[in-house]
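# What the coordinates show
Here's the letter readout for the chains.
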Amino acid sequence: MNIKTLSQLTQPKHAGTAGRVDLVGAGPGDPELLTLKALRSIESADLILYDRLVGDEILSLIPQKTRAIYVGKAKHNHCVPQEQLNQFMVEQAQRGLHICRLKGGDPFIFGRGSEELMELQAAGIASQVIPGITAAAGCSSYAGIPLTHRGLSRGCTFVTGHLKDGKLDLNWTQLANVDHTLVFYMGLSALNEISSQLAAHGLAADTPAALVEKGCHSDQRVVTTTLSELTEQADHHQLESPTLIIIGQVVALREQLNWIEQMTPRPMAVGE
Ligand SMILES: C[S@@+](CC[C@H](N)C(=O)[O-])C[C@H]1O[C@@H](n2cnc3c(N)ncnc32)[C@H](O)[C@@H]1O
C-alpha cells in the first residue's frame, strides 16, 4: 500500500489552519483503557496512522469518514520504513492535516515516540504526546499480578528482549535482583537467553514467572511458570506475539489476586 497515493485523497477539515501531529498511546487492547484525550484525538483527526498492536476494537472507534492507514511493522518486515514515515508525517502536517499517530501501549515506552517527536520538532511541526497504558501496566493488572508489593518487590524494570545478532546485551548482574520485578517486552524469541542469563547471574531457578499473551484483549492468555521452565511453557502453549514476560516473586500473588477469574460478569473485553 502506498501511503503517498492514499494521502492525496485526504483534505484538511479546517483549510488554512496549521497542521499538527498527536503521538497517541492506544493502550494494551481493551478500548475502555483509552484515555479521553486519546479518544478525542482519534475522533477529530484528518488522518490516522496506526501500528500493528492497535486492535480492531480501537480501530472501530475511528469515524467512517476519516482516512486510516496501517504503517505498522512486523518482525523482519518493515511495512513503511521509519524515515519514510517521519517524512510523510511532516509533509502531511505541512499540508495542514491534523494527524493522529496511533501506537500500541504508550508512545514513549519501546514505541519510537521520542524518535518521531524529534523529527517533528526539527521540522517545526506542532506536536503533542498523549500517553497510553503501557503493556506492563495493563497486562499485569488484567493478570492479577502487581508489579510491586510491600515485602516482595521494591521496584520494577522494563527491559527490551529484542535480540540483536541473536544476543541480548544487558546488564544481567543488575537485573538478577531478588526483590525486584522484571518485565520483558518483545522477549518471546529470547526466552532461552533471558532465563539462562538470569540463572547464571544468580536468580533462583524456581523464581515465579508469567507469560501474558494478548493482554487486555478478549482472548488474553496467562501462563504462570518458573524461570527455568519459561521456554518450555511458551513452546507448550504455542504462545505468540504480543507476549509480555513478568519475572519475580509478585507473580505468585496471581493465585490470590486473579480478579478477572473471580469477577461476574467479567469485564467486557476479557474472556467473552
Ligand atoms: C514494540 S513493543 C511496544 C510497547 C508499547 N509501546 C507499550 O507501551 O506497551 C511491543 C511489545 O510490547 C508487548 N506488548 C504490547 N502489547 C501487549 C499486549 N496487549 N499483551 C502482551 N504484550 C504486549 C509485547 O512484548 C510486544 O512484543
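Small disclaimer: the values here were computed from a predicted structure and weren't measured.

All right, on to the domain arrangement of the protein chain then. One frequent convention defines the size of an interface as the accessible area lost when the parts assemble. Here the protein chain is partitioned into domain 1 (3-9 + 19-130) and domain 2 (135-261). Contacts between the two partners involve nine residues from domain 1, matched on the other side by 14 residues from domain 2. Three residues, Pro 28, Ile 109 and Phe 110, lead the burial of domain 1 against domain 2; their summed loss comes to 50% of the area buried on that side. Counting across the domain 1 and domain 2 interface gives zero salt bridges. Joining domain 1 to domain 2, the criterion identifies three residue pairs in polar contact (both at pLDDT 80 or more). Its residues placed into classes, the side of domain 1 that touches domain 2 shows five nonpolar, one polar and three charged.

With that settled, the discussion passes to the nonpolar core. A general trend in soluble globular proteins is that nonpolar side chains are found buried together. Ranked by size, the top nonpolar core spans 21 residues in total, and within it Phe 184, Ile 194, Leu 198, Leu 211, Leu 230, Ile 245 and Ile 247 carry the most contacts. Elements represented by at least two residues in this core include exactly α7 (172-175), β9 (181-185), α8 (191-200), β10 (208-213), α9 (230-236) and β12 (243-247). Broken down by element, this core gets its largest block of residues, three residues, from α8. Core analysis: the second largest hydrophobic core is formed by 17 residues, Leu 49, Ile 69, Met 89 and Leu 120 among them.

Another point: the site of the ligand. Near the ligand, the surroundings consist of 19 residues, among which Ile 109, Thr 134, Ala 135, Gly 215 and Thr 243 are the closest. Within the backbone of Gly 104, one N or O atom sits 3.1 Å away from a nitrogen atom of the ligand. Between the ligand and the protein, one listed contact pairs an oxygen atom with a backbone N or O atom of Ala 135 at 2.8 Å. Here the ligand loses 90% of its free accessible area of 560 Å² to cover by the protein chains. Because more than half of its atoms lie within 2 Å of the grid, the ligand is assigned to the largest pocket. Those elements that provide at least two residues to the shell around the ligand are α6 (135-143) and β12. For the shell around the ligand, the per-class residue count stands at 11 nonpolar, six polar and two charged. Shared between two domains, the shell around the ligand holds at least three residues of each, these being domain 1 (3-9 + 19-130) and domain 2 (135-261).

A full pass over the atoms with the stated rule returns seven salt bridges. Of the charged contacts in the structure, one is a salt bridge between Glu 213 and Arg 221, with a shortest N-O distance of 2.8 Å. Relative accessible area serves as the criterion here: at 8%, Glu 213 is assigned to the buried category. Residue Asp 219 pairs with Lys 214 through a salt bridge whose shortest N-O separation is 3.1 Å. Among the ionic contacts, a cluster of salt bridges with common partners joins Asp 51, Arg 101, Lys 103 and Glu 116.

Another aspect to go through is empty space enclosed by the protein. Counted according to the given criterion, the structure contains one cavity of 30 Å³ or more. In terms of lining residues, the largest cavity is bounded by Leu 175, Asn 177, Val 178, His 180, Leu 182, Leu 203, Thr 207, Ile 247 and Gly 248. For the lining of the largest cavity, the class distribution of residues is five nonpolar, four polar and no charged.

Along the polypeptide, Ala 137 turns up in helix α6. Along the backbone, Ala 137 and Leu 244 are 107 residues apart, and their C-alpha atoms lie at a distance of 11 Å.

What follows concerns the side chain of Ser 41. With respect to the secondary-structure elements, Ser 41 resides in helix α2 (residues 36-44). Those residues in contact with Ser 41 that lie beyond four places of it in its chain are Asp 22, Val 24, His 98, Cys 100 and Ile 130.

About the cut-offs
Residue numbers here run from 1 along each chain, matching the order of that chain's written sequence. Residue-level local features of this predicted model are given only where pLDDT is at least 70; pairs of side-chain atoms are given and counted only at 80 or more, and the full residue set underlies all totals for whole chains, interfaces and linings. Here the side-chain values reflect all heavy atoms present in the structure, with hydrogen atoms and water set aside. Boundary definitions for the domains trace back to an automatic or database domain assignment. Contact between two residues is taken to exist if any of their heavy atoms lie within 4.5 Å; hydrogens are not considered. Buried area, as used here, totals the accessible surface that two parts lose on assembly, with accessibility defined by a 1.4 Å probe and the loss added over both. By salt bridge we mean one thing: a side-chain nitrogen of Lys or Arg within 4 Å of a carboxyl oxygen of Asp or Glu. Here a polar contact means two N or O atoms within 3.5 Å. Within protein one must be a hydrogen donor candidate and the other an acceptor candidate, and residues neighboring in sequence count only if both atoms are side-chain atoms. Three categories are distinguished: nonpolar for Ala, Val, Leu, Ile, Met, Phe, Trp, Tyr, Cys and Pro, charged for Asp, Glu, Lys and Arg, and polar for the others, with Gly belonging to the last. For this analysis, a nonpolar core means a set of buried residues of the types Ala, Val, Leu, Ile, Met, Phe, Trp, Tyr and Cys, connected via side-chain atoms within 4.5 Å. In this scheme, a residue with accessible area under 20% of its type's maximum is buried, one over 50% is exposed, and one in between is partly exposed, where area comes from a 1.4 Å probe on protein chains only. Every helix listed is a DSSP run of H or I at least four residues long, and every strand listed is a run of E at least two residues long, numbered separately from the N terminus. If a single non-hydrogen atom of a residue is within 4 Å of a molecule or strand, that residue counts as near it. All accessible-area figures derive from a Shrake-Rupley calculation using a 1.4 Å probe, and residue coverage is judged against the displayed protein chains alone. A 1.4 Å probe that fits but cannot get out identifies a cavity on a 1 Å grid over protein atoms alone, an open set with protein on both sides within 12 Å along at least five of seven lines counts as a pocket, and a residue lines either if it has an atom within 4 Å of a point. Pocket or cavity membership: a molecule qualifies when more than half of its atoms sit within 2 Å of the grid points of that site. Grid points are joined across faces, edges and corners, and a volume is the space filled by probe spheres set on the points.

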